[in-house]
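# Structure assessment
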Amino acid sequence: MDQQPEQQETLQTPGVLDKYQTAGKIVNSVLEKVIQNAKAGADIADLCAFGDSEIIGELQKVYNKNQVEKGIAFPTTISVNNICGHYSPLKSESSKLNQGDVAKIELGAHVDGFLAIAAHTIFIDGNAEGRNADVILAAHKAAQVLYRSLQPGAKNNDLTALIDKVALAYDVQPLEGVLSHEVKRHFIDGNKVIINKELPEQKVDEAEIQVNDVFVLDVIMTTAPDGKAKESELRTTVYKRSLDRQYQLKTKNGRAFLAEVIEKYPSFCFSLRSFEDEITAKVAVQECGKHELLNQYPILVSQGGIVAQTTFTVAVLSNSIIQIAGLPLNEENIKTEKALKDEALLALLALPMDKNSQKKRKNQFPQK
């Protein structure tokens, strides 16, 4: 798959929703397995490799009658405490989880180019309390609010305002520079977006949610008062091929590396960790970078803050909104004195989201 197809298949195309949902079930299942193994002392590179291996193994069990492309849409990343995301370290540069870490685990899969991504934040070996609890709850509640508000006709900037309302209740900040993207077949970062935090210098074009939209809702919160993130000194390992750039690399290793990327990850994200020869991969990715053949996902940190993330993949149908990927939060182990008090948001969060309940509400209160 070398470029985005001009004519996109949508949720109305027979079989497409099934492919999204199959990818979502695999993502949720693997995410739960990684969470079960995320204990103090566990090596992060090993856990990430385990997550990727499980995704590939589960994908091998589905859609085998016809030749359907399947694979990782986003490599397993485990980012702790003030690291905002994208931490998928090489084995030689890995670190271990510690008791009390706030760990954000993200991963994604695709079936025939139709992707699902989810992220979940956990507290390692114990109960989250105080500011740790505040930020975890804020990220999850805001993601739930977004999911339930992703109705046809909703405006993206209004959805951003809802994130801010939840953050205010828990005295945290939405992280700057984070976008929730519409996704399509083989396309992880569509032009229609919801920005996590709007600023005078950080705005997006107004857009309206429509039937057949599929979004990866990515909510990231920080306890840092400024809500800012800056690039760290940690090595970037997550990349995506730049589909609009072509260049004949000079070195043999560089050409071999790029050929492997095109074969295994033609349009989705990958980690350098997945390449057998670590040294060659580190050199080759630099050569690719010089010629802008790869888009990088740098590792950012929130200075003085603890960061939490919740990511859902959501599909907008005419009569319902389907959560394709994403896990519920076990709030029993999260203790905070803060609470969401906005009555409209509380009512929204109390709504049952099964398909029949949504259809009944649509019939009772049809949109004008």
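A brief structural summary. (Residues numbered from 1 in each chain as written. Predicted model: local features only at pLDDT ≥ 70, side-chain atom pairs only at ≥ 80, totals over all residues. Heavy atoms only, no water.)

## Side note on the overall build of the chain
Looking only at helices and strands, the chain features eight helices and 16 strands. Its C-alpha atoms give the chain a radius of gyration of 20 Å, near enough to 21 Å, the size a compact globule of 368 residues would have. Partitioning the intrachain contacts of the chain with sequence separation of at least 6 by distance along the chain shows that 78% fall at a separation of at least 24. As displayed, the chain offers around 17,100 Å² of accessible surface, 46% of which is attributable to carbon and sulfur atoms. On the chain, the mean spot of the 42 positive side-chain charges and the mean spot of the 48 negative ones are 3 Å from each other. (Helix = DSSP H or I, 4+ residues; strand = E, 2+ residues; numbered from the N terminus. Rg over C-alpha atoms; globule rule 2.2 N^0.38 Å. Contact = heavy atoms within 4.5 Å. Areas by Shrake-Rupley, 256 points an atom, 1.4 Å probe, with all protein chains shown as cover. Lys, Arg positive; Asp, Glu negative; His and termini not counted. Charge placed at Lys NZ, Arg CZ, Asp CG, Glu CD.)

## Focus: the packing of helix α3 (residues 130–149) against helix α4 (residues 156–169)
The contact between α3 and α4 brings their axes to 9 Å, and the two run at 150°. Of the possible angle classes, the one that applies to α3 and α4 is roughly antiparallel. Seen from above, α3 lies across α4 with right-handed handedness. Between α3, through A138, K141, A142, V145, L146 and S149, and α4, the contact on the second element is made entirely by L159, L162, I163 and V166. Considering only residue class, the contact of α3 with α4 consists of eight nonpolar, one polar and one charged. (Axes fitted to C-alpha atoms, helices over the stretch in contact; angles between N-to-C directions. Parallel < 35°, antiparallel > 145°, perpendicular 65-115°, else oblique. Left-handed = near helix turned anticlockwise from the far one by under 90°. Nonpolar A, V, L, I, M, F, W, Y, C, P; charged D, E, K, R; others polar.)

## Considering the side chain of T121
Counting through the fold element by element, T121 comes out in strand β3 (residues 114–123). Judged by its relative accessible area of 4%, T121 is buried. A polar contact of 2.6 Å, which involves the side chain of T121, links it to the backbone oxygen of Q309. Once residues within four sequence positions are removed from consideration, T121 is found in contact with V102, A103, K104, I136, A308, Q309 and L329. (Buried < 20%, exposed > 50% of the residue type's maximum accessible area, 1.4 Å probe, protein only. Polar contact = N/O pair within 3.5 Å; in protein donor to acceptor, adjacent residues only side chain to side chain.)

## Overview of the sheet that holds strand β10 (residues 238–241)
The strand order across the open sheet built from three strands is β11-β10-β12, with neighbouring strands paired in antiparallel fashion. A single partner strand is all that each edge strand has here, and the edge strands are β11 (269–271) and β12 (294–297). Pairwise comparison of adjacent strand axes, ignoring direction, gives a mean angle of 35° for this sheet. Pairing geometry for β10 and β12, over four bridges, is antiparallel. Paired with K240 across the strands is N295, a residue of β12. (Pairing = 2+ DSSP bridges.)

## Observations regarding α3
With 20 residues, α3 extends 28 Å from end C-alpha to end C-alpha; this agrees with the ideal 28 Å at 1.5 Å per step. For α3, the buried fraction is high: 18 of the 20 residues fall into the buried class. (Expected span 1.5 Å × (residues − 1).)

## A word on the nonpolar core
Ranked by size, the top nonpolar core spans 55 residues in total, and within it L11, I78, L97 and L115 carry the most contacts. Elements with a contribution of two residues or more to this core: α1 (16–37), α2 (44–59), β1 (70–80), β2 (102–111), β3, β8 (214–222) and β15 (321–325). It is α1 that provides the largest number of residues to this core, a total of nine residues. Aside from chain neighbours lying at most four places away, what touches L115 is Y20, A73, A109, H110, V183, K184, F187, I188, V216, F268 and T313. If you look at the next biggest cluster of nonpolar residues, it comprises 41 residues, including A128, I209, L217 and A308. (Core = buried A, V, L, I, M, F, W, Y, C linked by side-chain atoms within 4.5 Å.)

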